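Architecture and fold: a report
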Amino acid sequence: MASEIDKASEQMEKTVSATEEHFASIRTGRANPAFLNDITVEYYGTETPLKSLATITVAETRTLAVTPFDASQAPAVEKAIRDSDLGVNPNRDGNVIRVTLPELTEERRKDYVKLVRAKAEEGKIAVRNIRRKTKEAVEASVKDGQIGEDDGKRLQKELEAITKKTTDKIDSLLAGKEKEILSV
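First, a word on what this report is: a plain description of the structure on this page. (Residues numbered from 1 in each chain as written. Predicted model: local features only at pLDDT ≥ 70, side-chain atom pairs only at ≥ 80, totals over all residues. Heavy atoms only, no water.)

1. As for the side chain of Glu-78
Where we set the bar: The numbering of helices and of strands both runs from the N terminus, where a helix is a DSSP run of H or I of at least 4 residues and a strand a run of E of at least 2. Note on contacts: a residue pair qualifies if any of its non-hydrogen atoms lie within 4.5 Å across the two residues.
Tracing the backbone shows Glu-78 in helix 3 (residues 74–83). Setting aside residues no more than four positions away along its own chain, Glu-78 makes contact with Pro-90, Asn-91, Arg-92 and Ile-97.

Shown next as structure tokens:
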């Protein structure tokens, strides 16, 4: 039954990683290649993630440089970035596409903080769902007689400790991201 707790811990860690990735794609005052993670480009009739078609680097504090691996795809990459809901206007210089991120307004920063909080809550809900399923599995094992009641209680305490540690980790990621967004 300890393996159920180990599985739950592993799933919770994956949830923290997923939440961290969501946070990375939310814009702050600085350029970050993860900002373009959700963009897909039509590549020979197939929607393909931008990061699979180009290298994305930080050229300056607020500028990203996107260099397609296939130079003939530069117009399609530029169009995909322009058509995205990111509100940026890319400039093509040969094969390199420069994406300058506008300065964030106070209102936009507050919107991003709300978005970050929603993503953190989604992560916590996922962690609680993992806890609930694991707790039900432990209770079923106790009921079936596979493990004793004392072991069941010990496993549930262990599960609660792992859940608390994971939600605290998400909270600290949230606090860091909020601070990053609100700093000018």
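2. Section: the packing of aromatic side chains
Going by this rule: Planes of paired rings set the category: under 30 degrees apart is stacked, over 60 is edge-to-face and the rest tilted, where pairs are Phe, Tyr or Trp rings (Trp by its six-membered ring) whose centres lie within 6.5 Å.
Applying the stated criterion across every chain, the model contains one aromatic pair. Both rings, one in Tyr-43 and one in Tyr-44, keep their centres 4.7 Å apart while their planes meet at 65°; by these two values the pair is edge-to-face.

3. Quick word on unusual backbone geometry
Inclusion rule: With a 1.4 Å probe rolled over the protein chains alone, any residue whose accessible area is under 20% of its type maximum counts as buried; one over 50% counts as exposed, and the rest are partly exposed.
Positive phi, normally seen in glycine, also occurs at Tyr-44, with a value near 50°. With respect to the element layout, Tyr-44 can be found in the loop between strand 1 (40–43) and strand 2 (46–49). When its relative accessible area of 62% is taken as the criterion, Tyr-44 is described as exposed.

4. Quick notes on the environment of Val-142
On the secondary structure map, Val-142 appears in helix 4 (residues 106–144). Val-142 gets classed as partly exposed once you look at its relative accessible area, which sits at 23%. Taking the C-alpha atoms as reference, Val-142 lies 49 Å from Asn-32; in sequence the two are 110 residues apart.

5. With respect to the nonpolar core
The test is simple: We call a set of buried residues a nonpolar core when its members are Ala, Val, Leu, Ile, Met, Phe, Trp, Tyr or Cys and they connect through side-chain atoms within 4.5 Å of each other.
Judged by nonpolar contacts, the single largest core of 21 residues is most densely connected at Met-12, Val-116 and Ile-181. Examining the composition of this core, we find that seven residues originate from one element, helix 4, more than from any other. Filtering out sequence-adjacent residues up to four positions away, Val-116 remains in contact with Phe-23, Ile-26, Leu-174, Lys-177 and Ile-181.

6. Considering helix 4
Test applied: Here the expected span of a helix is defined as 1.5 Å times the quantity of residues minus one.
The terminal C-alpha atoms of helix 4 lie 57 Å apart, and with 39 residues this matches the ideal 57 Å at 1.5 Å per residue to within 8%. Among the residues of helix 4, those classed as buried are Arg-109, Tyr-112, Val-113, Val-116, Ala-120, Gly-123, Lys-124, Val-127, Ile-130, Thr-134, Val-138 and Ser-141. Gly-145 sits one or two positions beyond helix 4 and adopts a positive phi of about 85°.

7. Things to note about the sheet that holds strand 3 (residues 54–60)
We count it as follows: At least two bridges found by DSSP between two strands are what make those strands a pair. In this analysis, axes come from line fits to C-alpha atoms, helices being fitted only over the stretch in contact, and the angle between any two N-to-C directions falls in the range 0 to 180 degrees.
Taken in spatial order, the four strands of this open sheet run 3-4-6-5, and their pairing is antiparallel. Both edges of this open sheet fall to strand 3 and strand 5 (91–93), since each of them pairs with a single strand only. Here the strands of the sheet are splayed against their neighbours by 25° on average, with no regard to which way each runs. Against the sheet, helix 3 engages strand 4 (63–68), strand 5 and strand 6 (96–100), with an angle of about 15° to strand 6.

8. Re the pattern of salt bridges
Basically, it comes down to this: Salt bridge, as used here: a side-chain nitrogen of Lys or Arg that lies within 4 Å of a carboxyl oxygen of Asp or Glu.
Summed over the entire model, instances satisfying the criterion amount to 13 salt bridges. The salt bridge partner of Arg-82 is Glu-78, with a shortest N-O separation of 3.1 Å. Of this pair, Arg-82 and Glu-78 both sit in helix 3, four residues apart, roughly one helical turn. When its relative accessible area of 39% is taken as the criterion, Arg-82 is described as partly exposed. You can call Glu-78 buried: its relative accessible area is 13%. The salt bridge partner of Arg-154 is Glu-158, with a shortest N-O separation of 3.5 Å. One end of the pair, Arg-154, and the other, Glu-158, are both in helix 5 (residues 149–182), four residues apart, so they sit about a helical turn from each other. Judged by its relative accessible area of 31%, Glu-158 falls in the partly exposed class. In the salt-bridge network here, residues are joined through shared partners; they are Glu-78, Arg-82 and Arg-92.

9. So, helix 3
The criterion, for reference: By definition, the arc is the one covered by directions from the helix axis to the C-beta atoms.
Of the positions making up helix 3, those classed as buried are Ala-74, Val-77, Glu-78, Ala-80 and Ile-81. Burial along helix 3 is one-sided: seen end-on, the buried residues are contained in an arc of 160°. For helix 3, the exposed residues set more than 90 degrees away from the buried face come down to Lys-79 and Asp-83. The secondary structure elements touched by the buried residues of helix 3 are strand 1, helix 2 (50–53), strand 4, strand 5 and strand 6.

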